[in-house]
Amino acid sequence: MSKKRMITRLLSVATAVTVGLSFCACGATPEEPKENRREEAEQKDTEKERKDAEKASISLEGEYKPASFEQRDINSDTIRWMCSAYAIYSAYNDKSLEVVGGLAGDDREWYREEVKEALAGGWGIYDRKDVEDTLEDLLEEGHRKQYKEAVSELKKAEILELSSGEAMVEIAGYDSLSEEEVCKYQTAYEAYQKYGENGIDGWDYCRALQILGDCYQAEYINLEECLDLSLPIAQELQKTYENWDGVAESYLYGYSFWKGERTDDYDSQKRWEVYEELKNMESGPYTVPYDTKLENTWKDGAKAKEKEDKDDAKAGYVSVKAGELGEVKVRLPEDYVWQEDFDSSTGMVLFEKENPEGGVDLSVSYKLRSKEEFPDMVEMEEESALSKEKTRRESAEGKGVFESSGIQTKKVGDLDVSYIMFYDNLDDTSIHEIDYYAWAPIGDSYLLLAEVSHADNKAKELMIDKEGLILDTVFVDIKY
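Nothing here was measured: the structure is a model prediction, and the numbers come from that model.

## Concerning the confidence of the model for the protein
Point 1. Within the protein, residue pLDDT values average 87, and 88% of them lie at 70 or more.
Point 2. The model gives residues 1-42 a pLDDT under 50, and that stretch makes 84 contacts with residues more than four places away or in other chains.
Point 3. Note that residues 48-57 has pLDDT below 50 and, in this model, twelve contacts with residues that lie over four places away or in other chains.

Structure representation (structure tokens):
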């Protein structure tokens, strides 16, 4: 059979592209040479065992019930690894890179119906049963089957032995192929040269993880079910490639193969650009160690978290939270009383210290910000501090005393604390006041903000000084 007839025969049965992120059925693979049949049979047996194991693991019993824990309660490198596997999809769609399913806080409710519509339109998923069926189909075949058939035809046509330039010209020279068909074969050639038979496995496995995340957001499955189903897929994906480049690039080759375009065409190229941005991102998804031991870190996670929280609360710690994942715990001396009933839509946590002279109490408040939500959060705080300074100085001009420390830094334990202090003693009021605005990075992802304020009659001494000593109390006992 001529090269042109070989490659055209496959395309006649295998080039239909479905709408949305769905999978295609493909024609039968042409018969292999006799000497390869034994090895192929052994490979099929191994593949069948793997598929049977995967299929058996996809089982959803009963109706949907929320998990007994949230991601922040059980977050781990295993869960971060899973999220990183579909980071290109998340980033391209402006979703969170660190959250299962990419939506956190109020966004989960706001976008739930859109997620359901996408699952229905792209995958035919309308309920829990559809989750099982779709995952089984994707893990059994996906686009890997069609890719391997394309590779088989390229082998028989001896195109895989050619240089890249020669192969692209050779494939483009088949007059019987449409432009889309040419692109599919050219992409298959590129993927095979880089990753062999696993050229687009990452495309199917990463989509499987992404679908599970979306189904969790749609409340077809709960977080525990999502993680239980994701773990064996992530483990298989990790074994297939040596590093994050393999995962991401095979995903991108798969996208181009499914779309029927070259890797340098517009839509594909935009996703490659997203990948490059993610690679260069400080504390980005690919900084999670690729060789992380992927294991169930959420088993009994709710109980362990509940016990930890009870122990911490008993010891006087109070949680300050940000979004779906962020949490630190702060503890102040016993004479600082946590205002548990204080209602703040911004997540602020408030403490007050009673004035022993019966005047105005001292207040300390905390907030936590996520770098993902506020990428320039340190710069934002600096600008905000300087803006406050300017406004207060202008308001105090000609009316009495106003002092500012300017932005200062100090070390408190392991934290690098930045702050600005204001002192007001104005002629038209009966009080004087000291305010501190302070912030300290928590790891690479969060910023802890604190405000300290005390105002009282001018005849009375304030409970805090202008030297920043109060910040040693405010930041010295932080758990994160």
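## Details of helix H9 (residues 144-156)
Point 1. Taking 1.5 Å of rise per residue, the 13 residues of H9 would be expected to cover 18 Å, and the 18 Å separating its terminal C-alpha atoms lies within 8% of that figure.
Point 2. For H9, the complete set of buried residues consists of Arg 144, Gln 146, Tyr 147, Glu 149, Ala 150, Val 151, Ser 152, Glu 153 and Leu 154.
Point 3. The first or second residue beyond H9 is Glu 158, which carries a positive phi of 60 degrees.

## Section: the pairing of strand E10 (residues 446-457)
Point 1. Across the twelve residues of E10, nine count as buried, placing the element largely inside the fold.
Point 2. By the bridge criterion, twelve bridges tie strand E9 (residues 431-442) to E10 in an arrangement that is antiparallel. Within E10, the position partnered with Tyr 437 by the bridge is Glu 451.
Point 3. Connecting the antiparallel pair E9 and E10 is a turn made up of three residues, with Gly 443 showing a positive phi of about 65 degrees.

## Some remarks on the packing of helix H12 (residues 201-217) against helix H13 (residues 223-240)
Point 1. Axis separation between H12 and H13 bottoms out at 9 Å; the angle between their running directions is 170 degrees. For the element pair H12 / H13, the angle class is roughly antiparallel. Where H12 abuts H13, its residues Asp 201, Gly 202, Tyr 205, Cys 206, Ala 208, Leu 209, Leu 212, Gly 213 and Tyr 216 lie against Leu 223, Cys 226, Leu 229, Ser 230, Ile 233, Ala 234, Glu 236, Leu 237 and Thr 240.

## Re the packing of helix H10 (residues 164-172) against helix H11 (residues 179-195)
Angle between the axes and distance between the axes are the two parameters that describe a pair of packed helices.
Point 1. Close contact between H10 and H11 brings their axes to 9 Å; oriented N to C, the two are set at 155 degrees. As summarised for this structure, H10 and H11 are arranged roughly antiparallel, according to the angle between their axes. Once H10 is placed against H11, the crossing between them reads as right-handed. Contacts from Ser 164, Ala 167, Met 168, Ile 171 and Ala 172 of H10 reach H11 at Val 182, Tyr 185, Gln 186, Tyr 189 and Glu 190.
Point 2. A per-class count over the contact of H10 with H11 returns seven nonpolar, two polar and one charged.

## Side note on the pairing of E9
Point 1. Of all twelve residues in E9, nine are buried, a share of seventy percent or more.
Point 2. Relative to E9, strand E8 (residues 415-426) runs antiparallel, the two sharing eight bridges. Looking across to E9, one finds that Phe 422 is bridged to Asp 435.
Point 3. Connecting the antiparallel pair E8 and E9 is a turn made up of four residues.

## Things to note about the sheet that holds strand E11 (residues 478-479)
Point 1. Strand order in the open sheet formed by three strands is E1-E2-E11, and the pairing between neighbours is antiparallel. The sheet is open, and its two borders are formed by strand E1 (318-322) and E11, each paired with just one other strand.
Point 2. Both strand E2 (residues 326-330) and E11 contribute to a ladder of two bridges, which runs antiparallel. What sits directly across from Lys 329, in E11, is Lys 479.
Point 3. Sitting on the sheet, helix H16 (residues 301-314) touches E2 and E11, and the angle it makes with E2 is about 30 degrees.

What counts and what doesn't
- Residues numbered from 1 in each chain as written.
- Predicted model: local features only at pLDDT ≥ 70, side-chain atom pairs only at ≥ 80, totals over all residues.
- Heavy atoms only, no water.
- pLDDT = per-residue confidence, 0-100.
- Contact = heavy atoms within 4.5 Å.
- Helix = DSSP H or I, 4+ residues; strand = E, 2+ residues; numbered from the N terminus.
- Expected span 1.5 Å × (residues − 1).
- Buried < 20%, exposed > 50% of the residue type's maximum accessible area, 1.4 Å probe, protein only.
- Pairing = 2+ DSSP bridges.
- Axes fitted to C-alpha atoms, helices over the stretch in contact; angles between N-to-C directions.
- Parallel < 35°, antiparallel > 145°, perpendicular 65-115°, else oblique.
- Left-handed = near helix turned anticlockwise from the far one by under 90°.
- Nonpolar A, V, L, I, M, F, W, Y, C, P; charged D, E, K, R; others polar.

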